[in-house]
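Architecture at a glance
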Amino acid sequence: MVSQNLKRTPLNAEHRKLGARMVDFGGWDMPVQYSGVIDEHKVVRSSVGLFDVSHMGELMVSGRGANDFLQRMTTNDVTKIAIGQAQYSALCKEDGCVIDDIIVYRRGIDSFLVCVNASNTEKDEQWLRAHLPASGVILENQSEAYAQIAVQGPKARELVQQVVDINIANLKYYWFSEGKVLGQPSIIARTGYTGELGFELYVPADASPRIWSALVEAVAKLGGKPCGLGARDTLRLEMGYLLYGNDMDEGINALECGLGWVTKFTKGEFVGSKALALQKERGLGKQMVGIQMLDKAIARHGYKIFSHAEGGRELGWVTSGTVAPSLNLNVGMAYLPPEFSSIGQEIFVEIRGERKLARVCKKPFYTNGTAQL
Amino acid sequence: MSNYPNNLQYTKEHEWIRVEGNTGIVGITAFAIEQLGDVVHLDLPKAGSKFKAGESFGTIESTKTVSDLYMPVAGTVAEVNSALTSAPEDIANDPHGKNWLVKVTLEGTPANLMTADQYTKYIADAANH
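Residues numbered from 1 in each chain as written. Chains lettered and ligands numbered in written order. Predicted model: local features only at pLDDT ≥ 70, side-chain atom pairs only at ≥ 80, totals over all residues. Heavy atoms only, no water.

Some details on the interface of chain B and chain A
- The interface of chain B with chain A comprises 18 residues on the first partner and 18 residues on the second.
- Each partner contributes to the roughly 1400 Å² buried at the junction of chain B and chain A, and carbon and sulfur atoms together form 46% of this total.
- Per-residue buried area on chain B facing chain A is highest for B:His41, B:Thr63 and B:Lys64; these three make up 37% of the total on that side.
- Here chain B is connected to chain A by four salt bridges.
- Note that B:Glu61 is salt-bridged to A:Arg352, the shortest N-O span being 3.3 Å.
- Elements supplying a minimum of two residues to the side of chain B that touches chain A: α1 (30-36), β4 (39-43), β6 (56-62) and α2 (82-86) of chain B.
- Class assignment for the residues of the side of chain B that touches chain A results in three nonpolar, ten polar and five charged. (Contact = heavy atoms within 4.5 Å. Buried area = accessible area lost by both parts, 1.4 Å probe. Salt bridge = Lys/Arg side-chain N within 4 Å of Asp/Glu carboxyl O. Helix = DSSP H or I, 4+ residues; strand = E, 2+ residues; numbered from the N terminus. Nonpolar A, V, L, I, M, F, W, Y, C, P; charged D, E, K, R; others polar.)

Right, dumping it as structure tokens:
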């Protein structure tokens, strides 16, 4: 099924050639799976998988004052990252609610790549543009110039080394390097969304089909394969990583959704800091927790959570949930009041009129990932 | 492309039913399973539950989605395939045979269902949309 209105990445034709099942993913025609979600999930945990994540947005922020501008617009402290280093962060509104979760890559003293969620690219661009200082800082949306290929899994380094002109043996977690991928100027980042050792390659869009094909050929020799967004979702959920639009949105503040660790009040004022500081002082009304189903059932986005099997109090809701293929458990993430958020707390998820027992548990659910090795 | 057995009748929602006397054996089609992807959970009714034709009698879940299962004909559930509920991923192996979902005691005659030929054409049309 092909809809005329869906956006396509430069790799769309490659996915169709490879027989991927395509779906509408937030307005993008994207591969949800090739061989099967669980198979692809396991390949990434044990070997290496390729993902087309070209739908992600790339905003370039540069020019005199770029550092100060991002320091004011993001929650994390950009002065803590060196040239060649990346940082997970967020854009907040004045009320502390989350516009987007982002990765900031420092390319120079006043030069940054901000990687944003696909569906938020235009919104983020407009938000940043509206706050630009009168002169100095240049904001460019280069999302169409870049394709992004994620190479994830314990064998990712071995694979990526075959196609880049730099030595990546010592490239550490959340660092990146500017080099060439099959001769094309690219950003080679040790980042990812799976919990495994992995790289995200920002490559020129026009050269990306050739790079993708070469990677598809090389990955097979290592026992890996191309993977779809279905596996990307189960992989990120096993790690407790947030997904914008599912686990957070503009109605939930950065502290509630568990972004406190990337919210740095010590750096001084930033957009949203006053509201967040006040919230911190007053205490949170709800917080993001991991849950594990004890009854045989799968919690899904939007399901309500109650305190008792019958009657009782409505406590909150599930934001994401699925089977965790590495663990053979059904897990999810949810918002609960702090007094119901302790590890081990039993709760009930209402699934089609029936309340199913679940338990608050630690995130990440999966703890054997190779991301930081 | 799977073969759709001639002794089954099919619904537009991709269930099938095989009638043996006053018992109906109900399952879902290979096409539905292929569309769903990995099946990870099945929610089936208890024996004794009564359903009208077209009523939802349970759900089937893949990693990504939950889909309702619809009863092809009015009846009372006589037996649930419990082997399948404990290993739902097996359904892909033999969805038109041993991996049926429920057996029902019929309380009506199947109506408005498709033959295997009609169903094959129906899913070919669906895939081309």
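Here the narrative resumes.
Regarding the domain arrangement of chain A
Residue and element names in this part refer to chain A.
- By domain assignment, chain A separates into domain 1 (12-55 + 144-238), domain 2 (57-130) and domain 3 (285-361).
- Computed over C-alpha atoms, the centres of domain 1 and domain 2 are 23 Å apart.
- Domain 1 puts 13 residues into the contact, and the matching count from domain 2 is 17 residues.
- When the two sides are added together, the surface that domain 1 and domain 2 hide from each other amounts to roughly 1300 Å², 59% of it contributed by carbon and sulfur.
- Linking domain 1 to domain 2 there are one salt bridge.
- Scanning the region where domain 1 abuts domain 2 turns up six residue pairs in polar contact (both at pLDDT 80 or more).
- At the level of secondary structure, the elements contributing two or more residues to the side of domain 1 that touches domain 2 comprise β9 (146-152), β10 (176-181), β11 (184-189) and β12 (198-204). (Domains from an automatic or database assignment. Polar contact = N/O pair within 3.5 Å; in protein donor to acceptor, adjacent residues only side chain to side chain.)

Observations regarding the packing of helix α2 (residues 37-46) of chain A against helix α7 (residues 229-238) of chain A
All names here are of chain A.
- Between α2 and α7, the shortest axis-to-axis distance is 8 Å and the interhelical angle comes to 55°. Regarding the angle of α2 to α7, the classification is oblique. Between α2 and α7 the crossing geometry is right-handed. Touching Val-37, Glu-40, His-41, Val-44 and Arg-45 of α2 are Gly-230, Ala-231, Thr-234, Leu-235 and Glu-238, all from α7. (Axes fitted to C-alpha atoms, helices over the stretch in contact; angles between N-to-C directions. Parallel < 35°, antiparallel > 145°, perpendicular 65-115°, else oblique. Left-handed = near helix turned anticlockwise from the far one by under 90°.)

Considering the sheet that holds strand β13 (residues 225-226) of chain A
- The six strands lie next to each other as β10-β11-β12-β9-β3-β13 (chain A), forming an open sheet whose pairing is mixed. Of all strands in the sheet, those with a lone pairing partner are β10 and β13 of chain A, marking the two edges. (Pairing = 2+ DSSP bridges.)

Quick look at the packing of aromatic side chains
- Overall, the coordinates contain 13 aromatic pairs over all chains when judged by the stated rule.
- Seen in terms of ring centroids, B:Tyr10 and B:Tyr119 are 4.8 Å apart; in terms of plane orientation they differ by 10°. Their pairing is stacked. You can see B:Tyr10 sitting in strand β1 (residues 9-10) and its partner B:Tyr119 sitting in helix α3 (residues 116-128), a full 109 residues away along the chain.
- With a relative accessible area of 0%, B:Tyr10 lands in the buried category.
- Through a chain of ring-to-ring contacts, three or more aromatic side chains come together here, namely A:Tyr105, A:Tyr146, A:Phe176 and A:Tyr202. (Phe/Tyr/Trp six-rings, centres within 6.5 Å; stacked < 30°, edge-to-face > 60°. Buried < 20%, exposed > 50% of the residue type's maximum accessible area, 1.4 Å probe, protein only.)

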